[in-house]
Amino acid sequence: ETKTVQADQEMVFDTIFFRYPYRIEIKDSLAVLLDLHNDTHYGYAFTYPDWRPIAPFGRRGEGPEELLSADRIRIRSLDSVYVLDANRMQITRWAVSIPEKRIMRKEVISLDKRLLRTLDFCLSDSNFIVTDYTGEYRFHEIDRDGKIIRSVGCIPTEHKEALENAPALAQAWRTFMSYNPRNGVLALVTQLGEVVEIYNLKTGYHVVAYGPKGEPVFSIQGSEAFPKGIKGFNDVFVADSCIYATFDGVTFKEKMQQEVFLNGGRWVYVFDLEGKLIKTFFLEQTAQGIYVDQKVNSMYTTCSDGDSPIIRYSTF
């Protein structure tokens, strides 16, 4: 089933300028937008659901209290907003005071030296789950001190010769992840190609689902992977009963021929918790990040190709 859906609200913030709205995270009364290529701050916090600005945080820079990069933001509570800085190999914890409109940096967690430039992470029941880029595993669980507790899985490529260059393979198989502690489902989707992996950390269930475009297509020069084929998934969100993923699907050759280069994709795929594709949505605007508020049946996406950084769909 494929359905075209129209936005019912586009968030426009007159006093805030976002250069590249990338990720959105919501928890209770707090929403945070991650701006990947900002001028000053990576994160901006809002009240939810009324979207009143609170304050920016995570200043961009090389100083000891600043971030070299911000690749993902996760929220456990108002006093535990976590930001991944892949360049520094750190996760920082921030506390948000809505009445005071103030956000304070509380803790720095240095990641295990065995990890290689971690680019995504999730909050597990009490620890963290991070992606692996050594090419040896699929993901790691790390504790509150950043140390590896266990390592799980391997890259499910059918091209065994690619395993000889594990770092390049890991680059090509870069994945975005989402975990739902209520059902124990961890979903990983590939940035290239069309591959979805599902791990149920409570039952041990694991499946790899390939779409029509298959696994990532790339070439290798030295230890570097260079993308070919299609740009695949942009983000993923595990809800209680299904999995949502934003998808591009356009070849890199076609992207270079676009009159106006579009960063995001216009598709949202919906899978059941075992990896079966249920339906697809075609969006009016392109989408990067995604968050689904199941309580009010609303889907939020980030858009870097227009004037509205956050777009809400309620008829999906």
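Above: the structure in question.
Residues numbered from 1 in each chain as written. Predicted model: local features only at pLDDT ≥ 70, side-chain atom pairs only at ≥ 80, totals over all residues. Heavy atoms only, no water.

## What to know about the overall build of the chain
Using the following cut-off: Numbering of helices and strands runs from the N terminus; a helix is a DSSP stretch of H or I covering at least four residues, while a strand is a stretch of E covering at least two. Note that the radius of gyration is over C-alpha atoms, with the globule rule given as 2.2 Å times the number of residues to the power 0.38. Per-residue accessibility, obtained with a 1.4 Å probe over protein chains only, is compared with the maximum for each type, and a residue is labelled buried under 20%, exposed over 50%, and partly exposed between these values. The method behind every accessible area is Shrake-Rupley, applied with a 1.4 Å probe, and residues are considered shielded solely by the protein chains displayed. His is not counted here, nor are the chain ends, while Lys and Arg score as positive and Asp and Glu score as negative. Note on charges: their place is set at NZ of Lys, CZ of Arg, CG of Asp or CD of Glu.
Summing up its helical and strand segments, the chain has 2 helices and 27 strands in all. For 316 residues, the compact-globule formula gives about 20 Å, and the C-alpha radius of gyration of the chain, at 19 Å, lands near that figure. Overall, the C-alpha framework of the chain stretches about 55 × 45 × 40 Å when taken along its three principal axes. Counting every position in the chain, which comprises 316 residues, the buried fraction comes to 57%. Of the roughly 14,100 Å² that the chain leaves accessible, carbon and sulfur atoms contribute 48%. Of the charged side chains in the chain, 37 are positive and 43 negative, and the gap between their average positions amounts to 2 Å.

## Things to note about unusual backbone geometry
Backbone torsion omega between Tyr 48 and Pro 49 reads 15°, so that peptide bond is classified as cis. Within the fold, Pro 49 resides in the loop between strand E5 (41-47) and strand E6 (53-59). Positive phi is not limited to glycine here, since Asp 28 has a value of about 55°. Take Asp 28: it is sitting in the loop between strand E3 (21-27) and strand E4 (30-35). Backbone geometry at Asn 297 places phi at a positive 55°, although glycine is not the residue there. With respect to the helices, strands and loops of the structure, Asn 297 is situated in the loop between strand E25 (290-293) and strand E26 (298-302).

## Let's talk about the pairing of strand E27 (residues 310-313)
Our working definition: Note on pairing: DSSP must find at least two bridges between two strands before they are called paired.
Pairing geometry for strand E2 (residues 9-11) and E27, over 3 bridges, is antiparallel. Across the sheet, residue Met 11 finds its bridge partner in E27, namely Ile 310.

## Looking at the nonpolar core
For soluble globular proteins, the rule of thumb is that nonpolar side chains tend to be buried together. For the record, the criterion: Only buried Ala, Val, Leu, Ile, Met, Phe, Trp, Tyr and Cys residues count toward a nonpolar core, and they belong to the same one when joined by side-chain atoms within 4.5 Å.
One finds Leu 30, Phe 57, Val 81, Phe 233 and Ile 243 to be the most contacted residues of the largest nonpolar core, which totals 36 residues. Formed by 31 residues, the second largest nonpolar core is a distinct cluster that contains Phe 18, Trp 51, Ile 310 and Ile 311.

## Topic: the packing of aromatic side chains
To describe a pair of aromatic rings, one takes the distance between the centres and the angle between the planes. The following threshold applies: Between 30 and 60 degrees the pair is tilted, below 30 it is stacked and above 60 it is edge-to-face, where a pair is any two Phe, Tyr or Trp rings, Trp via its six-membered ring, whose centres lie within 6.5 Å. Think of it as a cone above the ring: NZ of Lys or CZ of Arg counts as a charge over the ring if it is within 6 Å of the ring centre and within 35 degrees of the ring normal.
The tally for this structure, following the rule as stated, stands at 19 aromatic pairs. Measuring from centroid to centroid gives 6.2 Å for Tyr 20 and Tyr 22, while their planes differ by 40°, and the two rings are tilted. Here Tyr 20 matches Tyr 22 in class, with each residue buried. Put simply, the rings of Phe 13, Phe 18, Tyr 44, Phe 46, Tyr 48, Trp 51 and Tyr 300 pair up and form one aromatic cluster. The cationic tip of Arg 23 hangs over the ring face of Tyr 22; the distance from NZ or CZ to the ring centre is 4.0 Å.

## A few points about the sheet that holds strand E16 (residues 185-190)
Filter applied, for reference: Only C-alpha atoms enter the line fits that serve as axes; for helices the fit covers just the stretch in contact. Angles between N-to-C directions range over 0 to 180 degrees.
Pairing is antiparallel across the open sheet formed by 4 strands, whose spatial order is E15-E16-E17-E18. Two strands lie at the open edges of the sheet, namely strand E15 (175-180) and strand E18 (206-210), each paired on one side alone. Averaged over all adjacent pairs, the angle separating strand axes in this sheet is 15°, with direction ignored. Across 6 bridges, E15 lies against E16 in antiparallel orientation. Residue Met 177 lies in a different strand from E16, and its bridge partner there is Leu 188.

## Considering the sheet that holds strand E21 (residues 233-238)
Read across the sheet, 5 strands follow the order E1-E24-E23-E22-E21 without closing on themselves; strand pairing throughout is mixed. The sheet is open, and its two edges are formed by strand E1 (2-5) and E21, each paired on a single side. Pairwise comparison of adjacent strand axes, ignoring direction, gives a mean angle of 20° for this sheet. Of the pairings in the sheet, the one linking E1 to strand E24 (residues 277-287) comprises 4 bridges and is parallel in character. Across the sheet, residue Thr 4 finds its bridge partner in E24, namely Phe 282.

## Overview of the pattern of salt bridges
Condition: By convention in these notes, a salt bridge is any Lys or Arg side-chain nitrogen within 4 Å of a carboxyl oxygen on Asp or Glu.
Taken as a whole and assessed by the stated rule, the structure comprises 17 salt bridges. In this structure, Asp 235 and Arg 72 form a salt bridge, with 2.9 Å as the shortest nitrogen-oxygen distance. You can see Asp 235 sitting in strand E21 and its partner Arg 72 sitting in strand E7 (residues 72-77), a full 163 residues away along the chain. On the accessibility criterion, Asp 235 (0% relative accessible area) is buried. Connected through salt bridges with shared partners, the residues Arg 23, Glu 25, Arg 72, Arg 74, Asp 120 and Asp 235 form a single ionic network.

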